[in-house]
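An overview of the molecular structure
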Amino acid sequence: MSLMPVELTLRKAAEELERGDLASVLKARQRLVGLVTTYPDRLDLRERLAAVYRVLGDAAQAGRWSYLSEHRVEAEVAAFERAYRTPQARLAALNWVSGEHTTETARVRLAALRGAVSEDLRARLAVADDRDSSWPANVLVLLGLVVVLLCFVIGAVTVVVWVYRWFGG
């Protein structure tokens, strides 16, 4: 009986994880990262990768890879959220591609995260809009531009006068 490549890779990763030495655990992590990269919508692969990060003591990465899971450790999720401070950073770190393996829990969590991204962007745009629409600030910017333009014109006229006196006058 021949195993499919994914199952074979999972079996090798499990054997390496079972050995427990650091080199074997790191090899298992490498195998699982490759699988998650190839199959980003497979929550089971993400959960196995999270388990490897638990063994390595990396709570932020364990939280990252178990973020969409049915059962996750909230301390790990908090570590992930501290490591990836903005909703945009968290969403990018998840590297999620919607697929056939999505659960209702994953859909709800992704929707909440996407909503937080939208809300954060709206808040940032509102702050930027408030800064840009201040008429005193706009008047000061305009005055600054007039001063710069005036300095440029005076400098150009001075250069023309010097050149005229030097060559023509």
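Residues numbered from 1 in each chain as written. Predicted model: local features only at pLDDT ≥ 70, side-chain atom pairs only at ≥ 80, totals over all residues. Heavy atoms only, no water.

1. Some details on the overall build of the protein chain
A count of helices and strands for the protein chain gives eight helices and zero strands. For the protein chain, the succession of helices and strands along the chain, N to C, is α-α-α-α-α-α-α-α. Against the compact-globule benchmark of 15 Å for 169 residues, the protein chain has a radius of gyration of 29 Å, which places it well outside the compact range. For the protein chain, the spread of C-alpha atoms along the three principal axes comes to 100 × 40 × 30 Å. (Helix = DSSP H or I, 4+ residues; strand = E, 2+ residues; numbered from the N terminus. Rg over C-alpha atoms; globule rule 2.2 N^0.38 Å.)

2. A short note on the pattern of salt bridges
Any two side chains of opposite charge can pair, so long as their charged atoms come close to each other. Tallying each qualifying case throughout the model produces eight salt bridges. With a shortest N-O distance of 2.8 Å, Arg54 and Glu76 are connected by a salt bridge. Remark: Glu76 occurs in helix α5 (residues 74–83) and Arg54 occurs in helix α3 (residues 43–56); sequence separation between them is 22 residues. On the basis of relative accessible area, Glu76 is assigned to the buried category, the value being 8%. (Salt bridge = Lys/Arg side-chain N within 4 Å of Asp/Glu carboxyl O. Buried < 20%, exposed > 50% of the residue type's maximum accessible area, 1.4 Å probe, protein only.)

3. Topic: helix α2 (residues 22–38)
Taking 1.5 Å of rise per residue, the 17 residues of α2 would be expected to cover 24 Å, and the 24 Å separating its terminal C-alpha atoms lies within 8% of that figure. Taken together, the buried positions of α2 are occupied by Ser24, Val25, Ala28, Leu32, Leu35 and Val36. Take α2 and look down its axis: the buried residues cluster within an arc of 110°, on one side only. Exposed residues pointing more than 90 degrees away from the buried face of α2 are listed as Leu22, Ala23, Gln30, Thr37 and Thr38. (Expected span 1.5 Å × (residues − 1). Arc of directions from axis to C-beta.)

4. A few points about the side chain of Thr102
Position of Thr102 relative to the elements: it lies in the loop between α6 (87–94) and α7 (104–132). Residue class for Thr102 comes out buried when judged on its relative accessible area of 15%. When neighbours within four sequence positions are excluded, Thr102 is seen to be in contact with Trp96 and Arg107. (Contact = heavy atoms within 4.5 Å.)

5. Some thoughts on the UniProt feature "transmembrane region" (unreviewed entry) in the protein chain
UniProt marks residues 139–164 with the feature "transmembrane region" (unreviewed entry), using the numbering shown here. Along residues 139–164 one finds 100% helix and 0% strand; the C-alpha atoms at either end are 37 Å apart. (UniProt positions renumbered as here; feature names shortened; annotations may be inferred.)

6. As for the packing of helix α1 (residues 5–19) against α3
One can describe the packing of α1 onto α3 by two numbers: an axis separation of 12 Å at closest approach and a directional angle of 15°. The angle between α1 and α3 places the two elements in the roughly parallel class. Regarding α1 and α3, the two cross each other, and that crossing is left-handed. Of the residues in α3, those touching α1 at Val6, Leu10 and Leu17 are Leu45, Arg48, Val52 and Val55. (Axes fitted to C-alpha atoms, helices over the stretch in contact; angles between N-to-C directions. Parallel < 35°, antiparallel > 145°, perpendicular 65-115°, else oblique. Left-handed = near helix turned anticlockwise from the far one by under 90°.)

7. Quick notes on the packing of aromatic side chains
Following the criterion strictly, the structure yields two aromatic pairs and no others. Relative to Tyr84, the ring of Phe80 lies with its centre 5.1 Å away and its plane at 45°, an arrangement referred to as tilted. The class for Phe80 is buried, based on a relative accessible area of 0%. Residue class for Tyr84 comes out partly exposed when judged on its relative accessible area of 21%. The structure contains a cluster of three or more aromatic residues connected by ring pairs, namely Tyr67, Phe80 and Tyr84. Above the face of the Tyr39 ring, Arg42 is positioned so that its terminal group lies 6.0 Å from the ring centre. Over the aromatic face of Tyr67 sits the side chain of Arg72, whose NZ or CZ is 4.9 Å from the ring centroid. (Phe/Tyr/Trp six-rings, centres within 6.5 Å; stacked < 30°, edge-to-face > 60°. Lys NZ or Arg CZ within 6 Å of the ring centre and 35° of its normal.)

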